[in-house]
Amino acid sequence: MSNDILKQLTEILETRKQNADADSSYVASLHKKGLNKILEKVGEECTETLLAAKDAQTSGDNTDLIYETADLWFHSLVMLSHLGCSAEDVLNELARRFHVSGIAEKAARTSQ
């Protein structure tokens, strides 16, 4: 199910990137404003997600954490789309990492 949602969202984002009017589509307006604006939104959503996680730890209520994580994922997908990548690319990278120790994977990146 989650793969289907990511696939659908990727298709919608691409359609709006290609065909939508920036005056009527939030996604199109982000693309029109350019990468720096998109990165600003990703950073903003990242901060809000971190704060929601801290609040969730204290309150035990994950509602805001889920909401902010959805915003972060959404804006990350817009960023990927702007740069010609997709959710599928990220899923493929995650799949590649199965059966690879996180410590070994990180060591391989730092040794390059």
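Refer to the structure presented above.
Residues numbered from 1 in each chain as written. Predicted model: local features only at pLDDT ≥ 70, side-chain atom pairs only at ≥ 80, totals over all residues. Heavy atoms only, no water.

Caption draft 1: Layout of empty space enclosed by the protein. One pass over the full model with this rule turns up one cavity of 30 Å³ or more. For the largest cavity, the calculated volume is near 30 Å³. Lining the largest cavity are Thr-10, Leu-13, Glu-14, Leu-77, Leu-80, Ser-81, Cys-85, Ser-86 and Ala-87. Those elements that provide at least two residues to the lining of the largest cavity are helix 1 (2–19) and helix 4 (63–82). Residue composition of the lining of the largest cavity, grouped by class: five nonpolar, three polar and one charged. (1 Å grid on protein atoms, 1.4 Å probe; cavity = no way out; pocket = protein on both sides within 12 Å on 5 of 7 lines; lining within 4 Å. Points joined across faces, edges and corners; volume = space filled by probe spheres on them. Helix = DSSP H or I, 4+ residues; strand = E, 2+ residues; numbered from the N terminus. Nonpolar A, V, L, I, M, F, W, Y, C, P; charged D, E, K, R; others polar.)

Caption draft 2: Seen up close, the side chain of Ser-86. Within the secondary structure, Ser-86 sits in the loop between helix 4 and helix 5 (87–96). For Ser-86, a relative accessible area of 17% puts it in the buried group. Here Ser-86 is in contact with Thr-10 and Leu-80, once residues within four sequence places are set aside. (Buried < 20%, exposed > 50% of the residue type's maximum accessible area, 1.4 Å probe, protein only. Contact = heavy atoms within 4.5 Å.)

Caption draft 3: Main features of the layout of surface pockets. Of the volumes computed, that of the largest pocket is approximately 230 Å³. Put simply, the parts of the chain that give the lining of the largest pocket at least two residues each are helix 4 and helix 5. A per-element tally of the lining of the largest pocket places helix 4 first, with five residues.

Caption draft 4: Summary view of the packing of helix 2 (residues 26–33) against helix 3 (residues 35–59). Helix 3 packs onto helix 2 with a crossing angle of 120 degrees between their chain directions and a minimal axis gap of 5 Å. Between helix 2 and helix 3, the interaxial angle falls into the category oblique. Taken together, the residues of helix 3 that come into contact with helix 2 (itself represented by Tyr-26, Leu-30, His-31 and Lys-33) are Lys-37, Ile-38 and Lys-41. Tallied by class, the residues present in the contact of helix 2 with helix 3 amount to three nonpolar, one polar and three charged. (Axes fitted to C-alpha atoms, helices over the stretch in contact; angles between N-to-C directions. Parallel < 35°, antiparallel > 145°, perpendicular 65-115°, else oblique.)

Caption draft 5: Quick peek at the nonpolar core. Core analysis: the biggest nonpolar cluster contains eight residues, these being Leu-13, Val-27, Leu-30, Ile-38, Leu-77, Val-78, Leu-80 and Ala-87. For this core, the elements supplying multiple residues, two or more each, are helix 2 and helix 4. A total of three residues in this core trace back to one element, the largest contributor, which is helix 4. Not counting the four nearest positions on each side in its chain, Ala-87 is found in contact with Leu-6, Thr-10 and Leu-77. (Core = buried A, V, L, I, M, F, W, Y, C linked by side-chain atoms within 4.5 Å.)

The values reported here are purely geometric and, on their own, carry no functional implication.
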